[in-house]
Amino acid sequence: MPTFFEMRQLVTPGDLIAEGEYVAGENTYAENGKIYASRTGLVEYDNKTVNIVALRSFYIPRVGDIVIGTIIEVGFNGWTVDISSPYLALLRASDVLSRPFKPQKDELSQVLDMGDLVVAKVVSYDRTHDPQLTVGEPGLGKITRGEIIKIIPTKIPRVIGRKGSMISMIKQETNCQIILGLNGVILITGKDIEDEQLALMAIRRIDQESHTSGLTDRVTQMLKEEKAKREETKNESET
Amino acid sequence: MNQKPEKLIDKKGLRLDGRKADELRPIKIEVGVLSNADGSVYIEQGKNKILAAVFGPREMHPKHMALADRTVLKCRYHMAPFSVQERKSPAPSRREIELSKVIRESLEPSIFLEYYPRTGIDVFIEVLQADGGTRCASITAAALALADAGIPMRDLVVACAAGKVEDSVVLDLMDTEDKVGKADVPVALMPNLNAITLLQMDGVLTVDEFESAVNLAIDGCKKIYTMQKEALRNKYTEAKEVEE
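Here the residue numbering is sequential within each chain, running from 1 through the sequence in written order. Just so you know, chain letters begin at A and ligand numbers begin at 1, following the order they were written in. Where local features are concerned, this predicted model is filtered to residues with pLDDT of at least 70; where side-chain atom pairs are given and counted, the filter is 80 or more; whole-chain, interface and lining totals use all residues.

1. Considerations on the domain arrangement of chain A
Many structure descriptions define interface size as the accessible area lost when the parts assemble. Residues and elements named next belong to chain A. Along its sequence, chain A is organised into domain 1 (10-54), domain 2 (66-142) and domain 3 (147-231). In this document the domain limits rely on a domain assignment from an automatic tool or a database. Computed from C-alpha coordinates alone, the two centres of domain 2 and domain 3 are separated by 27 Å. Distance between backbone-placed C-beta atoms decides contact: two residues are in contact if it is within 7 Å. Facing the eight residues of domain 2 at the interface are nine residues of domain 3. The helix and strand labels rest on DSSP assignments: H or I over at least four residues marks a helix, E over at least two residues marks a strand, and numbering proceeds from the N terminus. Contributing elements (two or more residues each) for the side of domain 2 that touches domain 3: strand 8 (66-74) and strand 11 (117-126). Among the elements that take part in the side of domain 2 that touches domain 3, strand 8 stands out by supplying three residues, more than any other. Of the residues that constitute the side of domain 2 that touches domain 3, the class distribution is six nonpolar, two polar and no charged. When residue character is reported, Ala, Val, Leu, Ile, Met, Phe, Trp, Tyr, Cys and Pro are called nonpolar, Asp, Glu, Lys and Arg charged, and the others, Gly included, polar.

2. Topic: the interface of chain B and chain A
At the interface, 27 residues of chain B touch 24 residues of chain A. When residues of the side of chain B that touches chain A are traced back to their parent elements, those giving at least two are strand 3 (48-59), helix 2 (134-148) and helix 4 (207-243) of chain B. Of all the elements, helix 4 of chain B adds the most residues to the side of chain B that touches chain A, at seven residues. Classifying every residue of the side of chain B that touches chain A gives 14 nonpolar, four polar and nine charged.

3. Section: the nonpolar core
For this analysis, nonpolar core means a set of buried Ala, Val, Leu, Ile, Met, Phe, Trp, Tyr and Cys residues linked through C-beta atoms within 7 Å. Exposed residues have 12 or fewer other C-beta atoms within 10 Å of their own C-beta, buried residues have 20 or more, and partly exposed residues fall in between, where C-beta atoms are placed from the backbone. Within the largest apolar cluster, 66 residues are counted, with the highest numbers of intra-cluster contacts made by A142, L144 and L146 of chain B. Sort the elements by how many residues they give to this core and helix 2 of chain B lands first, with ten residues. Ignoring any residue separated from it by four or fewer positions in sequence, one finds L144 of chain B in contact with I29, V31, V41, L156, Q228, A231 and L232 of chain B. By size, the runner-up hydrophobic cluster in this structure holds 37 residues, among which are A93, Y125, C176 and I206 of chain A.

As structure tokens, this is what we get:
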């Protein structure tokens, strides 16, 4: 039962990864006892399971996921939300108003209008129905300020880091609040634009170099250097 | 240029452009050339210049065409008006509509269409310059663009043609060989699974000639397949090297 690729090696669709007693995990498929790659990405072995961390993918909703989306349509009794996925999500009016929705009285576009951003949670989704969202929990709802950045959804675990090491480091270094939408959209809110720019820089760096190792250290160093640089220019302008 | 050449193969057994019978034209493949598309590829095979762009999976339009159990794959093969010597009308011709269908059908078996029901994938193929064998180069490029878009696939599809020119079987026909030659056999293949997804024939061949043409085309496909994978890897390894 040999394997044909080492841990964290790059594979392309159709590559034979393993034979025999292995189990096909994410982004792989099994045929005649052989395991092949179905996406471009890095191989990872977890006991007998073969996974591929895809370098390119799109978001497929799952119940319970926190996502960040844009309102693209105001309907009769709810909104259509673009969650950067092949499927459009629905947000019901009664869910947002937290009281019975009366079409004669309530003007939906005054609550949420086209182009508004929301943090929401997926409450239902399956192959036959489009995902439905809710904002009726603490931390969810319309976004009023902050910076938005889109990355590839499979890179979200990289932004979080091992046991949250990366994300907590960025939060600490930049004094920003960061909400990760599992659909690859990230919201950064800080005290001022400079802090937000700093966090934005860190996330862009992770997005570009997600398939390399030792990233947390490099991002930490980059943030520290950048902060020192800004401190310097500030001092200069004062004197 | 439009004159019929006297000899397609010279005394040494070399072809019009100096290739041997089993030699491919030089191929250049670039992945991720368009920023607005989810996946894109630019391919040059000899004088062929082709762009392929992939969008999706995304919400199907028109909605009633969506299928409840799988993704709908749509293909558009189009030749630019300036892609051939005499201006080609930009409206889709009979031939282009047929090729769109043929290309779609050769790509379909490679994609896990059942993963994303009610959605659609769009493949756009734009031939900028044509010199014979565009359907094969288009399939090679489109399959790679699908992989670049992150669409789960069983294998990459790669295509190559073989044919009969004068009395010998040759690989990867160029325009003149295609028009003046005796037969053309385009083959599309998923090399790792050893499955043929397209097999056409135009012209007259004996059974033996047909078999050797198919085998020659398959060998050609496998050569292109390594270049195809190389191109896909390059997109990521280049980024890796820059920061090291």
